[in-house]
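Descriptive analysis of the structure
Residue-level listing of the chains:
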Amino acid sequence: MFCYQLCGMLQKIIFQPGSTYHVYNRSNGSEPMFRHAANYNHFLRKYNEYMSGLWDTHAYCLMPTHFHFLITVKPNTKIESEMSLRCSQAFSNLANSYTQSFNKLHKRHGSLFTQNFRRKPVYDNEYLKTVICYIHNNPVKDGIAQVASDWQFSSYNELRMRNETLFGLHPVISLFGSRESFIEHHLMNETPENFRIV
């Protein structure tokens, strides 16, 4: 289940085992990092390859020039600083691997992502729901979709359509209380005044 915990020193946020974070980054100079569907799908495969052993992903959205993930670092017996380093290094390896394949495919050179990916701790259930809606409504915010369900490269439709698991409600749906409440919260948060989070 989710664990919500504010990291001690906000000026240097480390990945703590069992804690939840909003992880995001963008491309250099707003250059598209995904040019067609194959790019999006390749990035998700790479993401799963590099990150699934270190954290659980609850929500995501890939946009043409940036991405968002909501994750919880897996519980681990390793000391916090070592676990944080492993997460950061794995994500860096993911970015490098994707950039190499992207550059080869599109005959380009140089870095694709801004140097340091960002993360913010998610410290309570209400903020968690806000972040989930913000992530899924990013295409609406940027004007490339009318509603969250229009965008193919996010977890919204998967969560909306497959709200049950073998063990009951999906944890994200359970957080909202029901599938209907999950959808309603997203519709409520499609208005411009809700397009910013702190």
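Residues numbered from 1 in each chain as written. Predicted model: local features only at pLDDT ≥ 70, side-chain atom pairs only at ≥ 80, totals over all residues. Heavy atoms only, no water.

Attention now moves to the sheet that holds strand β4 (residues 118–121). Here we have four strands laid out as an open sheet, ordered β2-β3-β1-β4, and antiparallel in their pairing. Of all the strands in the sheet, the pair left with one neighbour each is β2 (55–62) and β4. The mean angle between the axes of side-by-side strands here comes to 20°, regardless of whether they run parallel or antiparallel. Here helix α1 (residues 37–51) sits on the sheet in contact with β2 and β3 (66–73), set at roughly 165° to β2. Packing against the sheet, helix α3 (residues 125–136) makes contact with β1 (20–26), β2, β3 and β4, and its axis sits at approximately 150° to β3. (Pairing = 2+ DSSP bridges. Helix = DSSP H or I, 4+ residues; strand = E, 2+ residues; numbered from the N terminus. Axes fitted to C-alpha atoms, helices over the stretch in contact; angles between N-to-C directions. Contact = heavy atoms within 4.5 Å.)

A few words on the environment of Lys74. Tracing the sequence through the fold places Lys74 in the loop between β3 and α2 (80–106). Its relative accessible area of 23% is what places Lys74 among the partly exposed residues. Separated by 55 residues in sequence, Lys74 and Ser19 have C-alpha atoms that sit 8.1 Å apart. Here Lys74 is in contact with Pro17, Gly18, Ser52, Gly53, Leu54, Trp55, Asp56 and Met83, once residues within four sequence places are set aside. (Buried < 20%, exposed > 50% of the residue type's maximum accessible area, 1.4 Å probe, protein only.)

Before going further, it helps to spend a moment on the confidence of the model for the chain. In this model, the chain carries an average pLDDT of 86, and 85% of its residues clear a pLDDT of 70 or more. Counting interchain partners and residues more than four positions distant, the pLDDT-below-50 stretch residues 1–11 has 30 contacts. (pLDDT = per-residue confidence, 0-100.)

As a further point, take the pairing of β2. When you tally the buried positions in β2, you get six out of eight residues, the bulk of the element. Pairing between β2 and β3: seven bridges, direction antiparallel. Bridge pairing links Thr57 to Ile71 in β3. Count of turn residues in the β2/β3 antiparallel hairpin: three residues.

What follows deals with the pairing of β4. Of the two faces of β4, only the one carrying Arg119 and Pro121 is buried; Arg118 and Lys120 on the other face are not. Examined bridge by bridge, β1 and β4 share four bridges and lie antiparallel to one another. What sits directly across from Tyr21, in β4, is Pro121.

Moving on, we get to α1. Working note: α-helix, 3.6 residues per turn, so residues spaced by three or four point in the same direction. Between its first and last C-alpha, α1 extends 21 Å over 15 residues, near the 21 Å set by a 1.5 Å rise per residue. Taken as a whole, α1 has its buried residues at Asn39, Tyr40, Phe43, Lys46, Tyr47 and Met51. Taken end-on, α1 shows its buried residues confined to a sector of 130°, consistent with a single buried face. Facing away from the buried side of α1 by more than 90 degrees, the exposed set consists of Arg45 and Glu49. Buried residues along α1 sit against β2, β3 and α2. (Expected span 1.5 Å × (residues − 1). Arc of directions from axis to C-beta.)

Within this structure, the stated rule accounts for 25 aromatic pairs. Taking the centre distance of 5.4 Å and the plane angle of 75° together, the rings of Phe34 and Phe43 count as edge-to-face. Like Phe34, the residue Phe43 is buried in the burial classification. (Phe/Tyr/Trp six-rings, centres within 6.5 Å; stacked < 30°, edge-to-face > 60°.)

Quick look at the packing of α1 against α2 now. Where α1 meets α2, the closest approach of the two axes is 9 Å, and the angle between their N-to-C directions is 150°. On the basis of the axis angle, α1 is roughly antiparallel to α2. For the crossing formed where α1 meets α2, the hand is right-handed. Where α1 approaches α2, its residues Asn39, His42, Phe43, Lys46, Tyr47, Tyr50 and Met51 are matched on the opposing element by Cys87, Ala90, Phe91, Asn93, Leu94, Ser97, Tyr98, Ser101, Phe102, Leu105 and His106. Among the residues forming the contact of α1 with α2, the class breakdown is 11 nonpolar, six polar and one charged. (Parallel < 35°, antiparallel > 145°, perpendicular 65-115°, else oblique. Left-handed = near helix turned anticlockwise from the far one by under 90°. Nonpolar A, V, L, I, M, F, W, Y, C, P; charged D, E, K, R; others polar.)

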